[in-house]
Amino acid sequence: MTASFVDSLAKKKLVVTYDNATVGKEFLNVTKGGAAYFNEKSTGGFVIITSLEFSSPSSSLSFYNSTYHSAVQIFVIPGPGVYILKNSPYDGFNYFFLTQNASIKKLNGTTVAIVGYSGSYVFTIYDANIPLSSYTSLIDGQILAMT
């Protein structure tokens, strides 16, 4: 995922840091991993995007399912201001999309969590307080970058 693409969706210049060497290689059968961290210093908002390759499809599915169950607990589903879209397919990937626009537990403002998987591959997107013009474009772009 390029910084200019995320900047265009955020409609502002964000500070970006990449980590393509260390994400998840020591746990959960991850064979390759990378992350991009985009933040806005003035508000403290951020977007984190990770790409992971697991040693097997069963490992990636297990990660996807456990992440979904953890996210549901964090977002307090069902709850006020929480919206969920689960198992939406796109180009061979299934993904869930959680968003909330109210104060829930320790999450304030707009928070979005998206996790998708296909075969041995998983991506995660976490957005806290940086409204993007199109999450669909972000998801599509991430999936295309992984295929």
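Each residue is numbered by its place in its chain's sequence as written, counting from 1. Given that this is a predicted model, residues contribute local features only at a pLDDT of at least 70 and side-chain atom pairs are listed and counted only at 80 or more, while totals for whole chains, interfaces and linings are drawn from all residues. Calculation of side-chain values draws on the structure's entire complement of heavy atoms; hydrogens and water are dropped beforehand.

Sorry if this is basic, but what is going on with the overall build of the protein chain here?
On a plain count of helices and strands, the protein chain comes out with three helices and seven strands. When the helices and strands of the protein chain are listed from N to C terminus, the series reads α-β-β-β-α-β-β-β-β-α. Put simply, 47% of the contacts in the protein chain that link residues at least 6 apart link residues at least 24 apart. Only carbon and sulfur atoms are counted for the fraction: they give 57% of the accessible area of the protein chain, which is about 7,500 Å². The numbering of helices and of strands both runs from the N terminus, where a helix is a DSSP run of H or I of at least 4 residues and a strand a run of E of at least 2. Contacts were defined at the residue level, with two residues in contact if any of their heavy atoms lie within 4.5 Å. Computed with the Shrake-Rupley method and a 1.4 Å probe, the accessible areas treat only the protein chains shown as cover for residues.

I keep staring at helix α1 (residues 3-10) and nothing clicks. Help me out?
The periodicity of an α-helix, 3.6 residues per turn, causes residues three or four places apart in sequence to face the same way. Accessible area is worked out with a 1.4 Å probe on protein chains only. A residue is then buried under 20% of its type maximum, exposed over 50%, and partly exposed in between. Those residues of α1 that fall on the buried side of the exposure criterion are A3, V6, D7, L9 and A10. Burial along α1 is one-sided: seen end-on, the buried residues are contained in an arc of 160°. Just downstream of α1, K11 is the residue with a positive phi angle, here 60°. Directions drawn from the helix axis to the C-beta atoms are what define this arc.

Explain the pattern of salt bridges here, please?
In a structure, side chains of opposite charge can pair up when their charged atoms sit close to one another. Note on definitions: salt bridges are taken to be side-chain nitrogens of Lys or Arg within 4 Å of carboxyl oxygens of Asp or Glu. Considering all chains together, one arrives at two salt bridges under this definition. Note that K13 and D7 form a salt bridge whose closest N and O atoms lie 3.5 Å from each other. Given the relative accessible area of 12%, D7 is considered buried.

What is the right way to look at the environment of K11 in this model?
Residue placement: K11 occurs in the loop between α1 and β1 (15-19). Take K11: its relative accessible area is 67%, and that puts it in the exposed class. Taking the C-alpha atoms as reference, K11 lies 7.6 Å from L132; in sequence the two are 121 residues apart.

What is the right way to read the nonpolar core from this model?
Generally speaking, soluble globular proteins have nonpolar side chains that are buried together. As used in this record, nonpolar core signifies buried Ala, Val, Leu, Ile, Met, Phe, Trp, Tyr and Cys residues forming a set joined through side-chain atoms within 4.5 Å. In terms of nonpolar packing, the biggest core is built from 23 residues, with F38, I114, F123, I125 and I139 touching the most fellow members. Elements with a minimum of two residues in this core: α1, β2 (30-39), β3 (46-54), β5 (93-100), β6 (111-118), β7 (121-128) and α3 (135-146). Top element by residues in this core is α3. It accounts for five residues. For I139, the residues in contact, after removing those within four places along its chain, are Y95, F97, I114, F123 and I125.

Would you mind showing me how to read α3 here?
Expected span, for any helix, means 1.5 Å times one less than how many residues it has. Between its first and last C-alpha atoms α3 spans 17 Å; for twelve residues at 1.5 Å apiece the expected length is 16 Å, and the two agree. Along α3, the residues classified as buried are Y135, L138, I139, D140, Q142, I143 and M146.

I would appreciate a short explanation of the pairing of β2 in the present structure.
Taken residue by residue, a regular strand's side chains alternate between the two faces of the sheet. Extensive coverage of β2 is indicated by the burial of seven of its ten residues. Strands are treated as partners if at least two bridges between them are detected by DSSP. Of the pairings in the sheet, the one linking β2 to β3 comprises nine bridges and is antiparallel in character. Counted as the bridge partner of N39 is F46 from β3. Count of turn residues in the β2/β3 antiparallel hairpin: six residues, of which G44 carries a positive phi of about 80°.

Sorry, what's going on with the side chain of S118 here?
Among the secondary structure elements, S118 is positioned in strand β6. Reaching out from S118, the side chain makes a polar contact with the backbone oxygen of G92 at a distance of 2.9 Å. Setting aside residues no more than four positions away along its own chain, S118 makes contact with G92 and F93. For this analysis, a polar contact is any N or O atom pair within 3.5 Å, provided that within protein one partner can donate a hydrogen and the other can accept it, and provided that sequence-adjacent residues contribute only side-chain to side-chain pairs.

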